[in-house]
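Close look at the chain arrangement
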Amino acid sequence: MTVPAGYRLVDMPFSRRDEMLSVDEWAFAMTHPEGTQTAVEAGIDWDRCRGIEAVDSRASSASEVAAVHSSYGYSMRVPGGTVPTSGLTWVGVQPAHRRRGLLRAMIDDHFARSLARGEVVSTLVAAETKIYQRFGYGLACPSYKMTMPRGATFREVAGSDDLRVRFEDADVARHAPVVRAILARDPRPGAMVEMGEALMASQFADPEALREGQERKRIVIVEDEHGPAAFALFRRKLSWGDTGANGTGSTEQWAAVTPAASRRLWSVLADLDLLTSFSATCLPLDDPAVLLADDVRALGLKAQDHVWLRILDLPAALTARTYGADLDVAVQVTDNVVPQNDAVWHMTVEAGIARVTRAADGAQADLRISMQDLSAAYLGGTTIDSLKGAGLVEEATAGAATTLSSAFRSPMAPRSSFSF
Ligand SMILES: CC(C)(COP(=O)(O)OP(=O)(O)OC[C@H]1O[C@@H](n2cnc3c(N)ncnc32)[C@H](O)[C@@H]1OP(=O)(O)O)[C@@H](O)C(=O)NCCC(=O)NCCS
């Protein structure tokens, strides 16, 4: 691992929280308003925070800590199973120390520490899309933002109208178990089926000073015969126009695990009194809202990148999921950041189960793909065929891309439960 001269890697435990938050305030062009610190601190996993200190006075500025990052460990749904995942977050470099290789050093550190913990893929939500592709992160969860007009309607789903709905003030102690129960049922690749307290707390964080005139966070819960089946943490903001109430509502944290629960959730949120619209982010591309809407144009769908994924341990990641077609191919993976992945891999699948072994040096490959693109395809949403169609996959054996594509494809579009 290369750390630029004059710098050293350090842990950033809770006792160094002011230094950590100061670097991120500089990096993200903001200061945390008074009264928000406790909520912000509760949403950080301090055991996983790392920093880079300037040890050479010529390189140092006002703050001795020049760069920081953290991560959340979670268990992520993949087709046929789950995979231990390291969600990179809170990445920031103090402006005086930019473009000296500190991010590159932190990425090496993050990858090495994640692998040491047995986390074989890493995920992130990018502040700027260009930053992380060079490190092998591919877009695994493209998404829509939708803005439902008041009264948007959806085609019938049997039993949907009978599901019980509860509206409550959001409270992490009371509702985290409900959210966990729903996510444990979530069949979509990318779902966060188990997570630690900090990641959960970060989703419920709601300091008054960050509300910008909106109400406090509320939660709506939809229940079916098996228990909680959908939820949304949401807020509304009321305003009055010349023609009357002109409020808006929004959710960034939600999940729905059956078609009936999904239809009920969106129908209820599209019909809140005094609102003219309700928006939701992070919809998977095949969300029931999109397929059931009576007027899909009215949803104002906007494509967004959501979660980017990077395979860290290729054989462990590929064997953690199941596949939809048998195959026997040699795949050359190019990885210029994690050298142990940069090889020709022999991959066979029988009855959904994969065997992945490293081929001898110089072995012929049926297909060549970069780690970024393999990672984009890992959750089964972005297909190998479409990557080939974009000129990103080289095929040496005719049909190899289509075979691999059929095997990797997931029946449901992937979606990360939360942004982080
Ligand atoms: C983005 C940020 C973390 C980069 O840190 P840094 O230490 O300057 O990055 P490095 O010097 O290690 O650069 C590594 C590579 O990424 C490139 N890079 C860095 N920031 C980039 C950006 N915003 N856009 C495109 N490329 C970028 C560098 O040019 C360099 O490329 P190279 O290896 O081909 O020469 C830092 O500028 C920052 O804190 N920005 C504001 C907060 C932010 O965006 N954080 C990311 C949150 S997801």
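Residues numbered from 1 in each chain as written. Predicted model: local features only at pLDDT ≥ 70, side-chain atom pairs only at ≥ 80, totals over all residues. Heavy atoms only, no water.

Details of the overall build of the protein chain
Secondary structure assignment for the protein chain yields 11 helices and 20 strands. The C-alpha atoms of the protein chain give a radius of gyration of 23 Å, which matches the 22 Å a tight globule of 420 residues would have. Structurally, the protein chain occupies a C-alpha span of about 70 × 60 × 35 Å along its principal axes. Going through the 420 residues of the protein chain one by one, you find that 52% of them count as buried. Put simply, of all contacts in the protein chain between residues at least 6 apart along the chain, 74% involve residues at least 24 apart. Summed over its atoms, the accessible surface of the protein chain is roughly 18,400 Å², and 49% of this surface lies on carbon and sulfur atoms. The average position of the 43 basic charges and that of the 53 acidic charges among the side chains of the protein chain differ by 2 Å. (Helix = DSSP H or I, 4+ residues; strand = E, 2+ residues; numbered from the N terminus. Rg over C-alpha atoms; globule rule 2.2 N^0.38 Å. Buried < 20%, exposed > 50% of the residue type's maximum accessible area, 1.4 Å probe, protein only. Contact = heavy atoms within 4.5 Å. Areas by Shrake-Rupley, 256 points an atom, 1.4 Å probe, with all protein chains shown as cover. Lys, Arg positive; Asp, Glu negative; His and termini not counted. Charge placed at Lys NZ, Arg CZ, Asp CG, Glu CD.)

As for the pattern of salt bridges
Per the stated rule, a full pass over the model turns up 29 salt bridges. Two residues, Glu41 and Arg17, come together in a salt bridge whose shortest N-O distance is 3.3 Å. Here Glu41 is found in helix α2 (residues 37-42), whereas its partner Arg17 is found in helix α1 (residues 17-27), with 24 residues between them in sequence. On the basis of relative accessibility, which here comes to 12%, the residue Glu41 falls in the buried class. For Glu119, the salt bridge is made with Arg117, and the minimal N-O distance between the two is 3.0 Å. (Salt bridge = Lys/Arg side-chain N within 4 Å of Asp/Glu carboxyl O.)

Some details on the site of the ligand
By nearness alone, 19 residues border the ligand, and Val93, Arg99, Gly101, Arg104 and Glu128 come closest of all. At a separation of 3.5 Å, an oxygen atom of the ligand approaches a polar backbone atom of Leu102. Note that an oxygen atom of the ligand is positioned 2.8 Å from one of the side-chain N or O atoms of Arg104. In the complex, 75% of the free accessible area of the ligand, which totals 900 Å², lies under the protein chains. Mapped by element, the contributors of at least two residues to the shell around the ligand are β4 (81-93) and α3 (102-116). Grouping the constituent residues of the shell around the ligand by class yields 10 nonpolar, two polar and seven charged. (Near = heavy atom within 4 Å. Polar contact = N/O pair within 3.5 Å; in protein donor to acceptor, adjacent residues only side chain to side chain. Nonpolar A, V, L, I, M, F, W, Y, C, P; charged D, E, K, R; others polar.)

Structural notes on α3
Taking 1.5 Å per residue, 15 residues should reach 21 Å; α3 reaches 21 Å between its end C-alpha atoms and fits that length. Buried within α3 we find Leu102, Ala105, Met106, Ile107, Asp109, His110, Phe111 and Ser114. In this structure, the buried residues of α3 make contact with β1 (7-11), β2 (50-54), β3 (65-78), β4, β5 (121-125) and β15 (302-311). Immediately downstream of α3, the backbone of Gly118 shows phi near 85°, a positive value. (Expected span 1.5 Å × (residues − 1).)

Section: the side chain of Ser417
Within the secondary structure, Ser417 is located in the segment after α11 (400-408). Looking at Ser417, the relative accessible area reads 1%, which means it is buried. A polar contact is formed between the side chain of Ser417 and the backbone nitrogen of Met192, at a distance of 2.8 Å. Leave out the neighbours within four places in its chain, and Ser417 touches Leu183, Gly190, Ala191, Met192 and Trp254.

Observations concerning the domain arrangement of the protein chain
Its domain assignment divides the protein chain into domain 1 (7-136), domain 2 (143-306) and domain 3 (313-408). For domain 1 and domain 2, the distance between their C-alpha centres works out to 29 Å. Taken over both partners, the interface formed by domain 1 and domain 2 buries close to 1,500 Å², and the fraction arising from carbon and sulfur atoms is 68%. On inspection of domain 1 and its partner domain 2, the count reaches zero salt bridges. (Domains from an automatic or database assignment. Buried area = accessible area lost by both parts, 1.4 Å probe.)

Re the sheet that holds strand β20 (residues 393-395)
The five strands are arranged β18-β17-β16-β19-β20 in an open sheet whose pairing can be described as mixed. Unpaired on one side and paired on the other, β18 (353-358) and β20 mark the two borders of the sheet. Each strand of the sheet is rotated relative to its neighbour by a mean of 25°, with strand direction disregarded. Where strand β17 (residues 343-350) lies against β18, six bridges are found, and the strand directions are antiparallel. If you follow Met347 over to β18, its bridge partner there is Val356. (Pairing = 2+ DSSP bridges. Axes fitted to C-alpha atoms, helices over the stretch in contact; angles between N-to-C directions.)

Considerations on a nonpolar patch on the surface
Side chains of Leu238, Trp240 and Leu274 sit close together on the surface and give an oily, nonpolar patch of about 350 Å² of accessible area. With respect to the helices, strands and loops of the structure, Trp240 is situated in strand β11 (residues 240-241). (Patch = residues over 30% accessible without salt bridge, like charges linked within 9 Å, V, L, I, M, F, W, Y side chains within 5 Å.)

Considering α11
Along α11, the residues that are buried comprise Ala400, Ala401, Leu404, Ser405, Ala407 and Phe408. One side of α11 holds all its buried residues, which, seen down the axis, span an arc of 165°. (Arc of directions from axis to C-beta.)

What to know about the state of the cysteines
Scanning the model with the defined rule gives zero disulfides in all. Here Cys282 stays unpaired: no disulfide links it, and the sulfur of Cys141, its closest cysteine neighbor, is 9.5 Å away. Judged by its relative accessible area of 5%, Cys282 falls in the buried class. (Disulfide = S-S within 2.5 Å.)

Digging into the side chain of Thr85
If you trace the backbone, Thr85 turns up in strand β4. A distance of 2.9 Å separates the side chain of Thr85 from the backbone oxygen of Val83, its partner in a polar contact. Apart from the residues within four sequence positions on either side, Thr85 is in contact with Tyr72, Gly73, Tyr74, Met76, Glu119, Val121 and Thr123.

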